[in-house]
Structures are given as C-alpha cells and as structure tokens.
Amino acid sequence: KPFYDTLHKISHFKVEDGTVPDFTMSNVKEFTELNHTLERILSQNVHSYKVQKQFTENASHELQTPLAIV
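Residues numbered from 1 in each chain as written. Predicted model: local features only at pLDDT ≥ 70, side-chain atom pairs only at ≥ 80, totals over all residues. Heavy atoms only, no water.

Section: the packing of helix α1 (residues 2-11) against helix α2 (residues 29-69)
Running from amino to carboxyl end, α1 crosses α2 at an angle of 10°, the nearest separation of the two axes being 11 Å. One way to sum up the angle between α1 and α2 is to call them roughly parallel. On the side of α1, the interface is formed by Pro2, Phe3, Thr6 and Ile10, while α2 contributes Phe31, Leu34, Asn35, Leu38 and Leu42. In terms of residue class, the contact of α1 with α2 is made up of 7 nonpolar, 2 polar and no charged. (Axes fitted to C-alpha atoms, helices over the stretch in contact; angles between N-to-C directions. Helix = DSSP H or I, 4+ residues; strand = E, 2+ residues; numbered from the N terminus. Parallel < 35°, antiparallel > 145°, perpendicular 65-115°, else oblique. Contact = heavy atoms within 4.5 Å. Nonpolar A, V, L, I, M, F, W, Y, C, P; charged D, E, K, R; others polar.)

This is the structure:
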C-alpha cells in the first residue's frame, strides 16, 4: 500500500501547482527514505520552477520598453 500511495501522488504531481504532496508515513524504512527523497526533489523542482517563472516574467517586462521605443 505505501508504494502505490506514493506512486499515485507523484503521478498526479504538477510543478505549476506549487505544492508538494504529503506522503504517507510508513513503518518500512525504505519507503520512509523514498518519501523523504521525493519530498526534497519535488520541493527543489517547485522552487526552480518559481525562480524560472519569475525570471521569464521580469525579462519579458524589461524587453517591452526597448521594443516600444523601436
């Protein structure tokens, strides 16, 4: 059950939603370690997505002025 629960949550994960799923705690050490690793990786992905999105928005805004002048 812990495996399928984790699989279900990562298969429905969308980085653009900005939330990392809460994984169910397990008594099995390997599943606990897997879930902690997935939480870390998914959190890093969400952070990278937000930084990249902010950069793209800023770059787009900064390019509007020179284009308007031209």
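Text resumes after the structure shown.
Description of the pattern of salt bridges
Summed over the entire model, instances satisfying the criterion amount to 1 salt bridge. Between lysine 9 and aspartate 5 there is a salt bridge whose closest N-O contact spans 3.5 Å. Highlighted residues: lysine 9 and aspartate 5, both in helix α1, separated by 4 residues, approximately one helical turn. You can call lysine 9 partly exposed: its relative accessible area is 21%. (Salt bridge = Lys/Arg side-chain N within 4 Å of Asp/Glu carboxyl O. Buried < 20%, exposed > 50% of the residue type's maximum accessible area, 1.4 Å probe, protein only.)

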